[in-house]
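# Structure at a glance
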Amino acid sequence: MGSRTAILGLNAYHGDSSACLLVDGELVAAAEEERFLRVKHWAGFPAEAVRWCLAEAGLEADDLDHVAINRDPSAHLMQKVLFALRRRPDVRAVADRLKNALCIGGAEQALAEALDVEPRAVRAHFHRIEHHRAHLASSFLVSPFEEAAIVSVDGFGDFVSTMWGYGQGSRISILDKVSFPHSLGLFYLAITQYLGFHRYGDEYKVMGLASYGEPTRVRDLQSVVRKLPGGRFELDLDCFLHASEGISMAWDGGAPVLGLSYSKELERRLGPARAPDEPITDEHRDLAASAQAVYEEILFHLLEQVSREVHFDRVCLSGGCAMNSVANGKITERTRFREVWVQPAAGDAGGAIGAALCIWNQGLGRPRTQPLQGAYLGPRFDDDDVGRELEELSPVLADAGCRLRRAVDDEELCRTVASKLADGAVVGWFQGRMEWGPRALGNRSILCDPRRADVRDVLNLKIKRRESFRPFAPSILREAVGEWFEKDGDAPFMAEVWPVRAERRSEIPAVTHVDGTGRLQTVSREDNPLFHRLISAFRDETGVPMVVNTSFNESEPIVCTPGQAIDCFLRTRMDLLVIGSHVVERVPEPAAALPVEPDRDRSTQRATVRGETA
Ligand SMILES: [Fe+2]
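Definitions and cut-offs
- Residues numbered from 1 in each chain as written.
- Predicted model: local features only at pLDDT ≥ 70, side-chain atom pairs only at ≥ 80, totals over all residues.
- Pairing = 2+ DSSP bridges.
- Helix = DSSP H or I, 4+ residues; strand = E, 2+ residues; numbered from the N terminus.
- Axes fitted to C-alpha atoms, helices over the stretch in contact; angles between N-to-C directions.
- Contact = placed C-beta atoms within 7 Å.
- Core = buried A, V, L, I, M, F, W, Y, C linked by C-beta atoms within 7 Å.
- Buried ≥ 20, exposed ≤ 12 C-beta atoms within 10 Å, placed from the backbone.
- Domains from an automatic or database assignment.
- Nonpolar A, V, L, I, M, F, W, Y, C, P; charged D, E, K, R; others polar.

### Considering the sheet that holds strand β7 (residues 160–168)
The strand order across the open sheet built from five strands is β8-β7-β6-β13-β14, with neighbouring strands paired in mixed fashion. Strands with a single pairing partner mark the edges of an open sheet, and in this sheet they are β8 (171–179) and β14 (339–342). Put simply, the sheet's adjacent strands are angled 20 degrees from each other on average, direction ignored. The pairing of strand β6 (residues 147–157) with strand β13 (residues 314–318) spans four bridges and is parallel. Bridge pairing in β13 links Ala149 to Val315. The sheet strands contacting helix α11 (residues 282–309) are β6, β7, β8 and β13, and the helix crosses β6 at an angle near 145 degrees.

Okay, here's the thing in structure tokens:
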């Protein structure tokens, strides 16, 4: 490919396995493997994502100059040895880690297999980037900031849970870290499991539940994780299993599985853990609120220290804990930082970008390119091809009581959809390139009217069986943010929760959480012109410059292809499906959009119970 430099970034053999491609420093493609394999949080080698990245850029295996993976089993070796000598961890935990390190070591072979070539056909240089360095790079190097404090907080990666420093231009400097076995992410995981949520990535459920409780157990939890001087913290290891027995982990294909992380001692202090099928009580809600409060206390303690060490008033946050949008939304009030940046895939998937950028900016010493504009880095589909696919499916669509048409232009499309939304329709909205990261941001989204108090029931009945305590999020025109929220600014990736203005809350009950907040996406014309146009049309119709935006899926990863979107539409009771300029409408029209009484109450109850005990 001539003089252009192609760098493949990977998050492999870990949850949210992913790949990205940098060509001359420009991020041309990025996607999580789960979207292709249709298994949430898929862990293993991201073969499908790699194949797609290369195809998207029109590259072959031998066009790759560098491959960077966001783990380095040789990092922090001395600390690992010292820990092993001191504490003699369980032999199974050591075996799990060794197996994982061997997988990472075999990435060359896995890449050749993914690309269906002989290993010698891959002439790229392979690089292993320490996990938190990749997290830090993944945030700062795509941020709009020229200089900023940088902080990475997660469970563990390469034996470290927390790392901080600063970024200037294309340089990243590390100041300090917190190593195994102390981890804020592990604290949150333990409480998540204690509360009966055992699936990988369930921490967001505790965050949602926290708003319904009172932080009455803070004192108990302050003994489980304690502040130390210098912004540091430590776990009371008696309450956890990772430092003694280890936590069993499976990362080598399929959904990641984590064993239990808390000990009997935690139950002795907090009372018996909640079983997954037990109802959720006020005690559980209070514990969730307390865990969130203690998490925030320690995070802000850390960030205050970082702001003392690094005299910038901007911070880039990354690592799994940067998905805690409730805490993120309070950073500017609770610390000296004035601006926060969190990239759309702040967790481990994002490490693929960080690893690739470490090679471009540091390894090759090249300057930074444009900051990330929007999260739209995934697969896209030709509108005429979609039309042909829908035509072929027209008998199936007709059988399902649907009619198909093509919009005249964007203006007509947005006016029509806005009017249907205002009439109560639930709309599947599939446009352009798929989002990078776990949030649907207006290209693979299900949308509805934020003024409706019954949105949760309607969405639960029609599409999602989700827990009653989980809020739905608004996508709001960037220029209207200050009129509806108590803060003003950019929050383009739904990474922060902000208070809704008290006087506005009753106008938008669907997206105002029980505590008066909303996890907003600010939508600018530059980032997503069509989505901006649609919300503008909805504002013209209703006076409300936002829509409810939830991910386009039904208990599965977010849809990637038009075929998956059509499937999801037909499986559920969505009213309208829009793919590009094509509109599939279920008839009769939205008068039937509302759940039909008398089975409404019963169904709602069933959905709620199922959700809460999932
Ligand atoms: Fe991580």
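From this point, things continue past the structure.
### Looking at the nonpolar core
Cys20, Ala356 and Val427 are the most contacted members of the largest nonpolar core, which has 195 residues in total. Counting residues per element, this core draws most heavily on α11, which supplies twelve residues. Setting aside residues no more than four positions away along its own chain, Cys20 makes contact with Gly9, Leu27, Ala29, Ala30, Cys53, Ala352, Ile353 and Ala356.

### Considering the pairing of strand β2 (residues 18–23)
The side chains of a regular strand alternate, residue by residue, between the two faces of the sheet. With five of its six residues buried, β2 lies for the most part within the structure. Across six bridges, the pairing between strand β1 (residues 6–11) and β2 is antiparallel. Each residue of the ladder has a partner; that of Leu8, found in β2, is Leu21. The loop that links β1 with its antiparallel partner β2 comprises six residues; one of these, Tyr13, has a positive phi angle of about 55 degrees. Here β2 pairs with strand β3 (residues 26–32) via six bridges, running antiparallel. Of the residues in β3, the one forming a bridge with Leu22 is Leu27. Taking the residues that link successive antiparallel strands as the turn, the β2-β3 hairpin has two residues, and the phi of Asp24 there is positive, at about 50 degrees.

### Some details on the domain arrangement of the protein chain
Partitioning the protein chain into structural domains gives domain 1 (6–133 + 353–363), domain 2 (138–346) and domain 3 (383–612). Taken together, the seven residues of domain 1 in the interface contact six residues of domain 3. Mapped by element, the contributors of at least two residues to the side of domain 1 that touches domain 3 are β3 and α1 (34–37). By residue number, the principal contributor to the side of domain 1 that touches domain 3 is α1, which donates three residues. A breakdown of the residues in the side of domain 1 that touches domain 3 according to their chemical character gives three nonpolar, no polar and four charged.

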